[in-house]
Amino acid sequence: MNLSDMLSYADITQLTKIASVYDCECNGNSKHELIQSILATVHRRDVIKEKLAKMELEELRFVNYLLFETRKSYSLEDLLARVQQCRFPAENAVRNTSVTVVETKLKVKSKKSTKQQVIELTPREIITKFKQQGWLFNGYGGSDRYLFHVPQDLKERFKATLAEVLSVAVERGAEPPMYREEGGQLLLDMKVMLNFIDTYKPNVALDGIMHRRFVVQLNELFAIQEELPGKGAWKFGYGKGFGDYPDRMAFMNDYCFAKGWIAVEDDTIVLTRSGELAKDNMNYDEMQAIISHWLKLYKGAIPNITSLYYWMCSLSKEWTTLKSFETVLEPYIRPYYFDSAGAILNQRIVKMLLHFGIIAIGETEQGIVIKRSVFGHKMIESL
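Cut-offs applied
- Throughout this document, residue positions are counted from 1 along each chain, in the order its sequence is written.
- A pLDDT threshold of at least 70 governs which residues receive local features in this predicted model, and a stricter bar of 80 or more applies before side-chain atom pairs are shown or counted, although totals over entire chains, interfaces and linings include all residues.
- With hydrogens and water set aside, each side-chain value is computed from the structure's full complement of heavy atoms.
- At least two bridges found by DSSP between two strands are what make those strands a pair.
- Only DSSP runs of H or I covering at least 4 residues are called helices, and only runs of E covering at least 2 are called strands; the numbering of each starts at the N terminus.
- Burial classification: accessible surface area is computed with a 1.4 Å probe over protein chains only, and a residue below 20% of its type maximum counts as buried, one above 50% as exposed, and the rest as partly exposed.
- Each nonpolar core is a collection of buried residues, namely Ala, Val, Leu, Ile, Met, Phe, Trp, Tyr and Cys, held together in the definition by side-chain atoms within 4.5 Å.
- Here, residues are in contact when the closest pair of their heavy atoms is within 4.5 Å.
- Paired rings are identified among Phe, Tyr and Trp, the last through its six-membered ring, by centres lying within 6.5 Å, and are further divided according to the angle between planes into stacked (under 30 degrees), edge-to-face (over 60) and tilted (the rest).
- Consider the ring centre and the ring normal. A charge sits over the ring if Lys NZ or Arg CZ is within 6 Å of that centre and within 35 degrees of that normal.
- Of the grid points, spaced at 1 Å and generated over the protein atoms alone, those admitting a 1.4 Å probe that cannot get out make up cavities, while open sets with protein on both sides within 12 Å along at least five of seven lines make up pockets; any residue with an atom within 4 Å of a point is treated as lining.
- Grid points are joined across faces, edges and corners, and a volume is the space filled by probe spheres set on the points.
- Classes in brief: Ala, Val, Leu, Ile, Met, Phe, Trp, Tyr, Cys and Pro nonpolar; Asp, Glu, Lys and Arg charged; the others, Gly included, polar.
- Here, a salt bridge means any Lys or Arg side-chain nitrogen found within 4 Å of an Asp or Glu carboxyl oxygen.

Draft legend 1. Representation of the sheet that holds strand S6 (residues 179-180). Pairing is antiparallel across the open sheet formed by four strands, whose spatial order is S6-S10-S11-S9. Because the sheet does not close on itself, it has two edges, and the strands there are S6 and strand S9 (320-321). The sheet contact formed by S6 and strand S10 (residues 359-364) spans two bridges and is antiparallel. Paired with Tyr-179 across the bridge in S10 is Gly-362.

Draft legend 2. Highlighting unusual backbone geometry. You will see that Asp-23, though not glycine, has its phi angle at about 55 degrees, which is positive. Along the chain, Asp-23 turns up in the loop between helix H2 (12-21) and helix H3 (31-42). With a relative accessible area of 64%, Asp-23 lands in the exposed category. In this structure, Lys-201 takes a positive phi of about 40 degrees despite not being glycine.

Draft legend 3. Molecular detail of the pairing of strand S8 (residues 268-271). Of the two faces of S8, both are covered, the one formed by Thr-268 and Val-270 as well as the one formed by Ile-269 and Leu-271. Pairing of strand S7 (residues 262-265) with S8, which is carried by four bridges, proceeds in the antiparallel orientation. The partner of Ile-262 across the bridge, within S8, is Leu-271. Hairpin connection from S7 to S8: two residues lie between these consecutive antiparallel strands, with Asp-266 at a positive phi of about 55 degrees.

Draft legend 4. Representation of the nonpolar core. Among the nonpolar cores identified, the biggest contains 116 residues, and Ile-291, Trp-294 and Phe-356 are the most heavily contacted of them. Discounting chain neighbours no more than four positions away, the residues touching Phe-356 are Gly-183, Leu-186, Phe-251, Met-287, Ile-290, Ile-291, Trp-294 and Phe-375.

Draft legend 5. Examining the sheet that holds strand S1 (residues 74-75) more closely. Spatially, the three strands line up as an open sheet ordered S1-S5-S4, and their pairing is antiparallel. In this open sheet, the two edge strands, each paired with only one partner strand, are S1 and strand S4 (137-138). As paired elements, S1 and strand S5 (residues 147-149) share two bridges and run antiparallel to each other. When the bridges of S5 are listed, Ser-75 appears paired with Leu-147.

Draft legend 6. Expanded view of the packing of aromatic side chains. Per the counting criterion, the structure on display carries 29 aromatic pairs. Look at Phe-236 and Tyr-337: their rings are 5.0 Å apart centre to centre, the planes differ by 90 degrees, and that puts the pair in the edge-to-face class. In this pair, Phe-236 is assigned in the loop between helix H11 (212-221) and helix H12 (247-258) and Tyr-337 in the loop between helix H16 (322-329) and helix H17 (341-355), connecting sequence segments 101 residues apart. Accessibility expressed as a relative area gives 35% for Phe-236, which makes it partly exposed. For Tyr-337, a relative accessible area of 63% puts it in the exposed group. Positioned above the aromatic ring of Tyr-22 is the side chain of Lys-51, whose terminal nitrogen or guanidinium carbon lies 5.1 Å from the ring centre. Across the ring face of Phe-222, the terminal group of Arg-248 is positioned such that the distance to the ring centre comes to 5.9 Å.

Draft legend 7. Layout of the layout of surface pockets. As a volume, the largest pocket reaches approximately 580 Å³. Lining the largest pocket are 27 residues, and of these Phe-68, Glu-69, Thr-70, Arg-71 and Lys-155 sit closest to its centre. Residues that form the lining of the largest pocket fall into these classes: 11 nonpolar, seven polar and nine charged.

Draft legend 8. Layout of empty space enclosed by the protein. Considering all chains together, one arrives at two cavities of 30 Å³ or more under this definition. Considering only enclosed or pocket space, the largest cavity measures out at about 150 Å³ in volume. Contributing to the lining of the largest cavity are Arg-61, Asn-64, Tyr-65, Arg-82, Gln-85, Cys-86, Phe-88, Pro-303, Asn-304, Ser-307, Tyr-332 and Arg-334. Put simply, the parts of the chain that give the lining of the largest cavity at least two residues each are helix H5 (57-68) and helix H6 (76-85). For the lining of the largest cavity, the element with the highest residue contribution is H5, accounting for three residues. Of the residues belonging to the lining of the largest cavity, the class tally is five nonpolar, four polar and three charged. Space inside the second largest cavity adds up to approximately 80 Å³. If you trace the second largest cavity, you find it lined by Val-63, Leu-66, Leu-67, Phe-130, Trp-135, Val-150, Leu-154, Lys-155 and Phe-158. Within the residue set of the lining of the second largest cavity, elements represented by two or more residues are H5 and helix H9 (152-169). Across the lining of the second largest cavity, the residue classes break down as eight nonpolar, no polar and one charged.

Draft legend 9. View of the pattern of salt bridges. Under the criterion given, the structure shown has 17 salt bridges. Residue Lys-49 pairs with Glu-164 through a salt bridge whose shortest N-O separation is 2.7 Å. Of this pair, Lys-49 sits in helix H4 (residues 45-53) while Glu-164 sits in helix H9, placing them 115 residues apart in sequence. Residue Asp-244 is joined to Lys-235 by a salt bridge in which the shortest nitrogen-to-oxygen separation is 2.9 Å. Residue class for Lys-235 comes out partly exposed when judged on its relative accessible area of 48%. One continuous salt-bridge network, built from bridges that share partners, spans Asp-247, Asp-339, Arg-348 and Lys-351.

This is the structure we're talking about:
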């Protein structure tokens, strides 16, 4: 539902609280006037931008989560857990930059110290704040009254306004003399993998991982070759084969297993019947399913991966410096075990977007620059 629909279901007490937050001048005893005044105020872009500017970084992370979550309703426990996840370790959270266009307003001076301290709201207080601003509403009947909803039109306005704010923060770069764009190479190499498995039926260890000599042989056959992981590499968080295979190969291996194209029989990997059909009918339409699998697979380690994917694509319409993307997006990335925010952005997102043919990468005097491809533009429109 849109904001107007949700306001019409709200009682006059809630409407009065929302109107008070936005300093609406209207008859507080008239539900109709309250709704019209709130709608006229909330839908103004300058009002949304002002609210964004006053948010703490953890609140912006929470907004970012709500904007890109596909579910229609949330329990209170869901929201509380997500707000808590938006509180990163101190070493990452302090990296609040001009990127967010958020100046910390909620500050007071301690009587015992001249240093400024941020007033930290509890997760429940943040959810209450969002309700009072008309961004979260309870359901209006049956068990639904215990669930929370976000107005759809408000989500779109927030996304557009946040895109405008972030686009000012990224730095445009010159067109590089040469650039790398992999296009459909992933599909070609996936077909190479299926043919390799069909021909050699590689042996596997007890954990189902190909012996290293087969990994080396397969890597040499790929159009896009990678450095093999060293001994002692960590092996969790990013799917089957991660840490044993190079990242790109590990993802393709996980995808083929998930699709049922390959399977382990005794001590070998074999091609299934559906795998035989797939290798002979691999086409570009498969890329949508591949990207969806990547988002689902990596979401456990990177809960807001969909939003990071969206911002990388939407903000790279022109050549843009990777350094500015690091400044803009790293404050939104929670470190995952041995992966820092920077490693997640560069290794788990930028590198994979290149492999998918979504972005092109080059280098200029400004450093590394990226630009979304025609295919990337098509993919971002589907989100």
